[in-house]
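Survey of secondary and tertiary structure
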Amino acid sequence: MKNRVAFHTLGCKLNFTETSVIGRQFRDSGFVKVNFEDESDVYVINTCSVTENADKECRKIVTKALLKSPQAFVAIVGCYAQLKPTEIAEIPGVDLVLGANEKFNITNYIDDLRKKEKAIVKACEISDVKNFVDAQSEHERTRVFLKVQDGCDYSCAFCTIPLARGSSRSDSIENAVHRAKQAVAGGAKEIILTGVNLGDFGIMDVESGKHENTFYDLAKALDNLKGLQRIRISSIEPNLLSEEIIDLVAASKKFVPHFHIPLQSGSDKLLKLMRRRYLTNLYSERVAYIKNKMPHCCIGVDVIVGFPGETEEDFLTTYNYLNQLDISYLHVFTYSERDNTLAATMKDVVPIVERKKRSKMLHILSEKKLRHFYNQQIGKTYNVLFEADNKNGFMHGFTENYIKVKAPIDKVLRNQIVPCTMESVDEYGEMEIGFVSDTSKGVRHMVAESLQL
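Residues numbered from 1 in each chain as written. Predicted model: local features only at pLDDT ≥ 70, side-chain atom pairs only at ≥ 80, totals over all residues. Heavy atoms only, no water.

With that settled, consider the environment of Glu 423. With respect to the helices and strands, the residue Glu 423 is situated in strand β19 (residues 417-425). On a C-alpha basis, the gap between Glu 423 and Ile 327 in space is 21 Å, while along the polypeptide they are 96 residues apart. With near-sequence residues (within four places) excluded, Glu 423 lies in contact with Ile 378, Met 431, Glu 432, Ile 433 and Gly 434. (Helix = DSSP H or I, 4+ residues; strand = E, 2+ residues; numbered from the N terminus. Contact = heavy atoms within 4.5 Å.)

This part takes up the packing of helix α8 (residues 243-251) against helix α10 (residues 280-293). The interhelical angle for the contact between α8 and α10, taken along N-to-C directions, is 25 degrees, at an axis separation of 10 Å. When the axis of α8 is compared with that of α10, the two are roughly parallel. Seen from above, α8 lies across α10 with right-handed handedness. In contact with Glu 243, Ile 246, Asp 247 and Ala 250 of α8, α10 contributes Arg 286, Tyr 289, Ile 290 and Lys 293. Residues belonging to the contact of α8 with α10 are distributed by class as follows: four nonpolar, no polar and four charged. (Axes fitted to C-alpha atoms, helices over the stretch in contact; angles between N-to-C directions. Parallel < 35°, antiparallel > 145°, perpendicular 65-115°, else oblique. Left-handed = near helix turned anticlockwise from the far one by under 90°. Nonpolar A, V, L, I, M, F, W, Y, C, P; charged D, E, K, R; others polar.)

Moving on, we come to the nonpolar core. The tendency in soluble globular proteins is for nonpolar side chains to be buried side by side. Residues Leu 193, Phe 215, Phe 259, Tyr 283, Ile 290, Leu 322 and Leu 362 are the most contacted members of the largest nonpolar core, which totals 55 residues. Looking at this core, the element that brings in the most residues is helix α6 (residues 173-185), giving six residues. Beyond its immediate stretch of four places on either side in the chain, Tyr 283 contacts Pro 238, Ile 261, Pro 262, Leu 263, Tyr 278, Gly 300, Val 301, Tyr 321 and Leu 325. Ala 6, Val 34, Ala 54 and Ile 76 belong to the second largest nonpolar core, which has 24 residues in total. (Core = buried A, V, L, I, M, F, W, Y, C linked by side-chain atoms within 4.5 Å. Buried < 20%, exposed > 50% of the residue type's maximum accessible area, 1.4 Å probe, protein only.)

This brings us to the sheet that holds strand β5 (residues 96-98). The six strands lie next to each other as β2-β1-β3-β4-β5-β6, forming an open sheet whose pairing is parallel. At either margin of the open sheet sits one strand with a lone partner, and together these are β2 (32-33) and β6 (120-122). One ladder, built from two bridges, connects strand β1 (residues 4-9) with β2; its direction is parallel. Opposite Val 5, over in β2, you have Lys 33 as the bridge partner. Along the sheet, helix α1 (residues 13-28) makes contact with β1, β3 (42-47) and β4 (73-78), crossing β1 at roughly 170 degrees. Packing of helix α2 (residues 54-68) onto the sheet brings it into contact with β1, β3 and β4, and relative to β3 it is tilted by some 165 degrees. (Pairing = 2+ DSSP bridges.)

This next bit is on empty space enclosed by the protein. A complete count under the given rule lists one cavity of 30 Å³ or more for this structure. Counted as a void, the largest cavity has a volume near 60 Å³. The wall of the largest cavity is formed by Ala 100, Asn 101, Lys 103, Phe 104, Val 129, Asn 131, Val 133, Lys 147, Asp 150, Arg 165 and Arg 169. Taken together, the residues that form the lining of the largest cavity break down as four nonpolar, two polar and five charged. (1 Å grid on protein atoms, 1.4 Å probe; cavity = no way out; pocket = protein on both sides within 12 Å on 5 of 7 lines; lining within 4 Å. Points joined across faces, edges and corners; volume = space filled by probe spheres on them.)

For the rest of this paragraph, the subject is the packing of aromatic side chains. Applying the stated criterion across every chain, the model contains 11 aromatic pairs. Taken together, a centroid distance of 5.0 Å and an interplanar angle of 85 degrees make the contact between Phe 26 and Phe 31 edge-to-face. Residue Phe 26 shares its accessibility class with Phe 31, and that shared class is buried. Here Lys 406 stacks its cationic end above the ring of Phe 394, 4.4 Å away from the centre of that ring. (Phe/Tyr/Trp six-rings, centres within 6.5 Å; stacked < 30°, edge-to-face > 60°. Lys NZ or Arg CZ within 6 Å of the ring centre and 35° of its normal.)

Mapped onto the fold, Arg 230 is located in strand β12 (residues 230-233). Within the structure, the side chain of Arg 230 is placed 2.4 Å from the backbone oxygen of Asn 383, a separation counted as a polar contact. If we ignore the near neighbours within four places in the chain, the residues touching Arg 230 are Lys 189, Glu 190, Ile 191, Lys 254, Val 256, Asn 383, Val 384, Leu 385, Phe 398, Thr 399, Glu 400 and Ile 417. (Polar contact = N/O pair within 3.5 Å; in protein donor to acceptor, adjacent residues only side chain to side chain.)

Here we come to the sheet that holds strand β15 (residues 329-334). What holds strands together in a sheet is hydrogen bonding between their backbones, with the strands either parallel or antiparallel. The parallel open sheet is built from three strands, whose spatial order is β13-β14-β15. Either end of the sheet is taken by a strand with one partner, and the two such strands are β13 (258-264) and β15. Neighbour-to-neighbour, the strand axes of this sheet turn through a mean angle of 20 degrees, independent of strand direction. Across six bridges, the pairing between β13 and strand β14 (residues 298-305) is parallel. Each bridged residue has a counterpart across the sheet, and for His 258 the counterpart in β14 is Cys 298. Strands in contact with helix α11 (residues 312-324) are β13, β14 and β15; relative to β14, the strand with the most contacts, it is inclined by about 175 degrees.

Turning to unusual backbone geometry, a few remarks are in order. Positive phi, normally seen in glycine, also occurs at Asp 348, with a value near 55 degrees. Owing to a relative accessible area of 61%, Asp 348 belongs among the exposed residues under this scheme. Residues other than glycine seldom take positive phi values, yet Asn 415 does so here, at roughly 65 degrees.

Looking now at the pattern of salt bridges. Summed over the entire model, instances satisfying the criterion amount to 29 salt bridges. Across the pair Glu 18 and Lys 103 runs a salt bridge, and its minimum N-O distance is 3.0 Å. Placement of the pair is Glu 18 in helix α1 and Lys 103 in the loop between β5 and β6, with a sequence separation of 85 residues. Here Glu 18 falls in the buried class, since its relative accessible area comes to 1%. Of the charged contacts, one joins Lys 269 and Asp 314 as a salt bridge, the two residues approaching to 2.8 Å between their closest N and O atoms. (Salt bridge = Lys/Arg side-chain N within 4 Å of Asp/Glu carboxyl O.)

Within the fold, Thr 160 resides in the loop between β9 (149-150) and α5 (161-165). Classification of Thr 160 by relative accessible area gives buried; the value is 5%. Setting aside anything within four residues of it in sequence, one finds Thr 160 in contact with Ser 49, Leu 83, Arg 338, Asp 339 and Thr 341.

Attention now moves to the pairing of strand β8 (residues 143-147). Counting buried residues in β8 gives five out of five residues, a clear majority hidden from the surface. By the alternation rule, side chains of β8 split into Arg 143, Phe 145 and Lys 147 and Val 144 and Leu 146, which are all buried. Note: β8 against strand β11 (residues 190-194), five bridges, orientation parallel. Bridge pairing links Leu 146 to Leu 193 in β11.

This part covers α2. Here α2 spans 22 Å end to end across 15 residues, near enough to the 21 Å set by a 1.5 Å rise per residue. Three or more residues of α2 are buried, namely Ala 54, Cys 58, Ile 61, Val 62, Ala 65 and Leu 66. The arc enclosing the buried residues of α2, seen along the axis, measures out at 130 degrees, which places them on a common side. Exposed residues lying more than 90 degrees from the buried face of α2 are Lys 56, Lys 60 and Leu 67. (Expected span 1.5 Å × (residues − 1). Arc of directions from axis to C-beta.)

Okay, structure coming up:
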């Protein structure tokens, strides 16, 4: 019988994308993938340094795995494994800990699946992590996450990512385009470009210290790729989101009108304390420029509450700034201390209770923003890419401008792009739709014939 392997991934889409790469390596080595809830011979846990209480969460997941298979081999990889390898190695039941470089060679360390008395630790200094390893998700055909950049050269006061992933490095444009072609050939309708600091994409010329190519160059190359229907940008820093990039997206038939732009605070005082590379005036300019070019564009925002030194007045400045800004939704992060960061040494720490209160206020604001954005789209027609997941008799999909819609389950529509009219927002905040009859019937008929339904 073949050995079984199961995966559990914490954190961002980039982590999930890299788990797919590791999964393919196990498959190529003769392993059979099973669900994490099932009995397995090997459990691989891909960790995140952003996750609050990372150690506690890691211990909980290891315990869960060993309850199913007490003699299973447990490997811990990812950002937290790079930051705290010794600490993770002391978790009962852990057999292998691999850092940022070593995680992509995991099958080289899985030659003996017997439980270890003491965990094997392989984690180099983060300064030695220099190679770019490409990755793309493979759990579904519909939307594929394509990793084109890794690491970060920024030094934000709250962030451990540079310590966990190393300096900024990128794929080549040629290889990124090649991998995009492969995804399209595999049936993907949409590619989501992902990375740690995506806007910093580019191969560095050592002599000049400048990028030989840029994210804009990559975007132009992908925009000309035949057969690819949609390209989405996962997240991009406001100081790296140039008007040139926005103009390309606005004119493109492939890039969709959706940006996710980290802000972190609406207070310039806090942005300076956080060591961000912009102030609110630049952020406001970016949002205004996008909305002028693409009024229907969806704009998501990352924001942190409870950063050291954030007074009630500072928080209200952020709240009011976001309230008047023409954005669509928020990703709210409650600040938590991280070892080896500048913020962890700062004074004027905000009490946990106050952090949670501020977080709740911004979550409510986000719900209002999203509902307002959805209501603005009612009566308009957009193209919906339907996905395979379904709940309570419904399937879901996303418009080009990231409106989540629902429709009765129809397997003919899965992984198809269909024009739909936005009709109403239900009690769960999802858009109810009507099909554009002639076009929808045509798509159904064409797909049904190809599937011989």
